[in-house]
Amino acid sequence: PQIAAAVGNIVGRMARPGRVFLILVRHGEAGKAATDAARELTDAGRAAVRKLGGNLILLEYLPDMIRCSPLVRALQTAEILQGALGGDIAMDATDDLAPGCTDATFADILLGETPGSTVFWVGHMPDLGRYAARLLGLPAEISLRPGEALGLDVDLAVDPPRASVKWGWKPS
């Protein structure tokens, strides 16, 4: 019954023309390394991302594209999600999602997404939280823990684009 209810509600959650369903994913828990860019996911981080992938499958949140920061921990998170969701999903590692990206860069990426599509962005705090708050019209950034995901229904027809929260997931 729970799966049937979830499947029955899919149409209302997926992106529609003029809109994008954007799932923001903070990379999984990462360990220490010689440089920040080289930090890899911990075993717990990998497990949490695999669990997120399983939940996305149950809800049929299958992306048309996964975009990620090129830093190792974000790239590993994106690759785990890609594998968990079937592996046949386009992936783009872009410096535009690296730490320190600006709201203007986020807006450029978002406006370049295909209307009606579902996209995942795998990145870092505080950038993802700051841009999520901007899309939602909130005054302060949203905090996303490692491995946490937030699904936003983004209206591209308004300037600036606005979103509403449709789904959230926190690792246990």
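Bear in mind the structure is a predicted one, so any value in this text is a computation, not a measurement. (Residues numbered from 1 in each chain as written. Predicted model: local features only at pLDDT ≥ 70, side-chain atom pairs only at ≥ 80, totals over all residues. Heavy atoms only, no water.)

A. The arrangement of the pairing of strand 4 (residues 118-123) in detail. Of all six residues in strand 4, six are buried, a share of seventy percent or more. With four bridges connecting them, strand 2 (residues 65-68) and strand 4 associate as parallel partners. Its bridge partner being in strand 4, Met 65 is matched across the sheet by Val 119. (Buried < 20%, exposed > 50% of the residue type's maximum accessible area, 1.4 Å probe, protein only. Helix = DSSP H or I, 4+ residues; strand = E, 2+ residues; numbered from the N terminus. Pairing = 2+ DSSP bridges.)

B. The arrangement of unusual backbone geometry in detail. The omega torsion across Met 125 and Pro 126 is 5 degrees, close enough to zero to call that bond cis. The topology assignment puts Pro 126 in the loop between strand 4 and helix 6 (127-136). Following Asp 159, the chain continues into Pro 160 via a peptide bond in cis, with omega recorded as 0 degrees. The phi angle at Glu 60 is positive, at roughly 60 degrees, despite the residue not being glycine.

C. Molecular detail of the side chain of Gln 76. Turning to its location among the elements, Gln 76 is positioned in helix 4 (residues 72-84). At 2.7 Å, the side chain of Gln 76 forms a polar contact with the backbone nitrogen of Leu 41. Leaving out residues up to four positions away in the same chain, Gln 76 has contacts with Glu 40, Leu 41 and Arg 46. (Polar contact = N/O pair within 3.5 Å; in protein donor to acceptor, adjacent residues only side chain to side chain. Contact = heavy atoms within 4.5 Å.)

D. Quick look at the packing of helix 5 (residues 103-112) against helix 6. For the pair helix 5 and helix 6, the least separation of the axes is 10 Å and the interaxial angle reads 70 degrees. The pairing of helix 5 with helix 6 is recorded here as roughly perpendicular in orientation. In this structure, helix 5 meets helix 6 at a crossing whose hand is right-handed. Where helix 5 abuts helix 6, its residues Asp 103, Phe 106, Ala 107 and Leu 110 lie against Asp 127, Leu 128, Arg 130, Tyr 131, Arg 134 and Leu 135. Of the residues in the contact of helix 5 with helix 6, the class split is six nonpolar, no polar and four charged. (Axes fitted to C-alpha atoms, helices over the stretch in contact; angles between N-to-C directions. Parallel < 35°, antiparallel > 145°, perpendicular 65-115°, else oblique. Left-handed = near helix turned anticlockwise from the far one by under 90°. Nonpolar A, V, L, I, M, F, W, Y, C, P; charged D, E, K, R; others polar.)

E. A look at the sheet that holds strand 2. The mixed open sheet is built from six strands, whose spatial order is 3-2-4-1-5-6. For this open sheet the edge positions go to strand 3 (90-93) and strand 6 (162-169), each flanked by a neighbour on one side alone. The average angle at which neighbouring strand axes cross in this sheet is 20 degrees, direction not considered. Sheet analysis places strand 2 next to strand 3, joined by four bridges and oriented parallel. Along strand 3, the bridge assignment pairs Ile 66 with Met 91. Of the strands in this sheet, strand 1 (19-26), strand 4, strand 5 (149-155) and strand 6 are in contact with helix 3 (residues 43-58), which crosses strand 6 at around 110 degrees. Contacting strand 1, strand 4, strand 5 and strand 6, helix 6 crosses the sheet at an angle of about 130 degrees to strand 6.

F. Representation of helix 4 within the structure. Compared with an ideal rise of 1.5 Å per residue, which puts 13 residues at 18 Å, helix 4 spans 18 Å between its outermost C-alpha atoms and is within 8% of the ideal. Of the residues making up helix 4, those classed as buried are Arg 73, Ala 74, Gln 76, Thr 77, Ala 78, Ile 80, Leu 81 and Gln 82. At its buried positions, helix 4 is contacted by strand 1, helix 3, strand 2, strand 3 and strand 4. Positive phi appears at Gly 86, one or two residues downstream of helix 4, with a value of about 115 degrees. (Expected span 1.5 Å × (residues − 1).)

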